[in-house]
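# Structural features, examined
Residue-level listing of the chains:
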Amino acid sequence: MSVVTTEKHDNILVIISNNPPVNALGAAVRQGLVDGINEALSDESVEAVVIRCDGRTFFAGADITEFGKPMKGPNLGEALDQLEASNKPVVAAIHGTALGGGCEVALACHYRVAVPSAKIGLPEVKLGLIPGAAGTQRLPRVVGAEAALPMVVIGNPVSAKKAHGIGLIDKIVGEDSLAEDAMAFAREQIGKAPPRSSEGTANQDGVRNPAIFDDFRQQSGRKIRGFDAPEAGIQAVKAAGEMSYADGVAKERELFTKLMTGTQAAAMQHYFFAERAANKIDGIDPKIDLIPIRKVGILGAGTMGGGIGMNFLSAGIPVTIVELKEEALDRGVGVIRKNYENTAKRGRMTEQQVEDAMSILTPSLSYDDLADCDLVIEAVFENMDVKKEVFTKLDAIVKQGAILASNTSYLNIDEIAAVTKRPEYVLGLHFFSPANVMKLLEIVRGEKTADDVLMTAMKLSKKIGKVAAVSGVCPGFIGNRMLSPRQEQANAMLMEGANYWEVDDVLLEFGFPMGPFQMSDLAGVDIGWHRDPERIETMRDALCAVGRWGQKVGKGFYDYDQARQRTPADEVKQIIAEFAAKAGKEQREISKDEIRERLLYPMVNEGAKILEEGMAQRASDIDVVWINGYGWPLYTGGPMFWADTVGLDKVVAGLEKHNLPVADMLRDKASKGEKFNG
Ligand code: 3H9
């Protein structure tokens, strides 16, 4: 059966797309739309048209899998021009998500009705693109440039209510009566001149007040730094006010084509599929029966435990949080409440939602209260003996069939599991700090972890809004393991004459939010310090001994002012110079290129080792980890994709030039001209 069908209801022709899972606008759908419109125009008894979709959503955009391949069938832009030109009113009936090309279909229709739960948006920018079927030209003409800017440039969809408020949706209809309500609405429009988005005049707000474009650039500063598509989006929306519709469309096409052929779009589209691939676990049926998680236990109410707990509370899953001392428990619960209240103050939560979340939190001083939890996550002190003791205790108390997870960031999960009688129910859930904010969840698969346990954790991660990737058991798992060689090189370069701020700046320029020494200051230089100011073995010991514990005390590698602006510190330069003299390394100028290569190539090399050992299922999982957990710039696609774009032969040559080890897999792929991805 065709993916697009039509139904005649008296004088209304309903065009229905059914292209699971998300009604992407592939060639067959575009053809179906054109055929549907032609049918409506050629049938005199048809007086109005409704376009709707079956399944879970309205068109969720162009079919991304067609990108980069030769164009088949009608082009979306032309199909939509034909649709808009219809002299019979056309109504888009929206449910689910009308995204990208789907939003552009809706914009080309003369009217748009939507159910209350619908969302509408132009997320192309998240794929390194801008809308390419006149969305940047029609949207500002309907809602104004000011309202169009965030939609085109940031790309977050808006709710039906918001869309109605800005004039993007004409009517909100019944959640369960979209098909009928859309037809009734269409009937009311018969005989009226159809309003065409391309002829709208709302775009003049940007001409009257051109400052909105610069203001928007400034406000969005950090969010769009380094990305090409947002600036193209701003230019396209500006053009919508300044140019004729036809010229504006030509401008959009020019900008779109340039982005589409660039590396950023390829990288971001790689990431789109990488994130989804990471949800799939090789060899496990995605439909396997899951373990119901109705109640979660957290051991440890410190920063980590509290943050982890918030994820579940926010998702409506009751949490019992256990601490050993009353004071620590009260403090932990207080921090959770305060975090929620701050979120509410910023308008991202209602007071009621804060109370709802807090009402399903049970603080306790007794392990016994964890007995009926379906999943218990420990977030106690990072020490193997402590973890073993905790797991022995949990194993004895928590009901059979419940999952026991450790939040360890580098300890051996198999060793921890071995102290329990249920190693198949043990795994690692490595959250990143702040755990209620950071997107990444590394799910550590122990040697004996059962398939349903692993899949339950994977599905649960989606429910709590995390992006998950599976790692095998190895020191530091995927993320921290790759961080180690970078840190090693960063330290080594200081001994050879590089300035620490130069090292940080190279990573900032690459697109990281901060460099290794800034990161150290933020996390606390004193983390893991032995606290003996007399014992100075490392540079870190020396910094800690003079009270340079990091940002929290106003000084670490850098001095910080009130606004947390950093300046390199003479005291630190002195300490480094002394260590360098002791190390006896020849001091030299180190170029930015060398710094970048020595920081990043060893990470790629470690990634190759991780793949070689089967610790990650696929190279793209490594990209997912580094983009979501460590601020690797999305527009480069993650370390492994980036290495592909650099060229693996070049990475190998760089490692050799700097006398750094080369993993067999990397060398092998480079010699065969292969890539990690594809
Ligand atoms: C565009 O429109 C350009 C235009 O301006 C026109 C240019 C001329 N194509 O996310 P899920 C797959 S650019 C192909 O897990 P959810 C996805 O890979 C596009 N495939 O579901 C997955 O496959 P699998 C602008 C797509 O319920 C499956 O569908 N649009 C597409 O969590 C289920 O996806 C966007 O950027 C697609 N467009 O979320 C929207 N979309 O099962 C992108 C999804 O094999 N999509 N798939 O892993 C989304 O944001 C989410 O998929 C959506 C559903 C919110 C729709």
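Conventions and cut-offs
- Residues numbered from 1 in each chain as written.
- Predicted model: local features only at pLDDT ≥ 70, side-chain atom pairs only at ≥ 80, totals over all residues.
- Heavy atoms only, no water.
- Pairing = 2+ DSSP bridges.
- Helix = DSSP H or I, 4+ residues; strand = E, 2+ residues; numbered from the N terminus.
- Axes fitted to C-alpha atoms, helices over the stretch in contact; angles between N-to-C directions.
- Buried < 20%, exposed > 50% of the residue type's maximum accessible area, 1.4 Å probe, protein only.
- Contact = heavy atoms within 4.5 Å.
- Salt bridge = Lys/Arg side-chain N within 4 Å of Asp/Glu carboxyl O.
- Disulfide = S-S within 2.5 Å.
- UniProt positions renumbered as here; feature names shortened; annotations may be inferred.
- Right-handed = clockwise from strand over helix to strand, strands pointing away.

Ordered in space as β12-β11-β10-β13-β14-β15-β16-β17, the 8 strands form an open sheet in which the pairing is mixed. Only two strands of the sheet have a single neighbouring strand rather than two, namely β12 (361-364) and β17 (467-471). On average, adjacent strands in this sheet sit at an angle of 25 degrees to one another, irrespective of strand direction. Of the pairings in the sheet, the one linking strand β10 (residues 296-299) to strand β13 (residues 375-378) comprises 4 bridges and is parallel in character. In the sheet register, Val296 faces β13, and the bridge partner there is Leu375.

Turning our attention to the environment of Leu460. Here Leu460 is to be found in helix α18 (residues 451-463). In this structure Leu460 comes out as buried when scored by relative accessible area, which is 10%. Setting aside its immediate chain neighbours within four residues, Leu460 contacts Ile293, Phe312, Ile317 and Leu375.

So, on to the pattern of salt bridges. Per the stated rule, a full pass over the model turns up 40 salt bridges. Notably, a salt bridge pairs Asp559 with Arg548, separated by 2.5 Å at the nearest N-O pair. Note that Asp559 is positioned in strand β18 (residues 558-560) and Arg548 in the loop between α22 (539-545) and β18, a separation of 11 residues in sequence. Owing to a relative accessible area of 30%, Asp559 belongs among the partly exposed residues under this scheme. When its relative accessible area of 3% is taken as the criterion, Arg548 is described as buried. Here the salt bridges share partners, and the residues they tie into one network are Arg481, Glu606, Lys609 and Glu613.

Attention shifts here to the sheet that holds strand β7 (residues 119-121). One open sheet holds the 3 strands; their spatial order is β5-β7-β8, and the pairing between them is mixed. Every other strand in the sheet has two partners, leaving β5 (97-99) and β8 (158-159) as the edge strands with one partner each. In this structure, β5 lies alongside β7, joined through 3 bridges in parallel fashion. Across the sheet, the residue bridging to Leu99 is Gly121, located in β7. On top of the sheet, helix α3 (residues 101-108) reaches β5 and β7; it is set at about 90 degrees to β5, its chief contact.

Further remarks concern the state of the cysteines. Per the counting criterion, the structure on display carries 0 disulfides. Cys53 takes part in no disulfide bond, and the closest cysteine sulfur, belonging to Cys109, lies 10 Å away. A relative accessible area of 0% places Cys109 in the buried class.

This paragraph deals with the UniProt feature "domain: 3-hydroxyacyl-CoA dehydrogenase C-terminal" (unreviewed entry) in the protein chain. With numbering aligned to this structure, UniProt lists the feature "domain: 3-hydroxyacyl-CoA dehydrogenase C-terminal" (unreviewed entry) at residues 476-560 and 597-656. Structurally, residues 597-656 is divided into 73% helix and 0% strand, and its ends, taken at the C-alpha atoms, are 11 Å apart.

On β13, burial covers both faces: Leu375 and Ile377 on one face and Val376 and Glu378 on the other are all buried. As judged from the 4 bridges shared by β13 and strand β14 (residues 403-406), these two strands associate in the parallel manner. Paired with Leu375 across the strands is Ile403, a residue of β14. Read as a crossover between parallel neighbours, the route from β13 over helix α16 (residues 384-397) to β14 is right-handed.

Turning our attention to the UniProt feature "domain: 3-hydroxyacyl-CoA dehydrogenase NAD binding" (unreviewed entry) in the protein chain. The UniProt feature table records "domain: 3-hydroxyacyl-CoA dehydrogenase NAD binding" (unreviewed entry) at residues 295-470. The distance separating the terminal C-alpha atoms of residues 295-470 is 23 Å; by composition the span is 41% helix and 20% strand.

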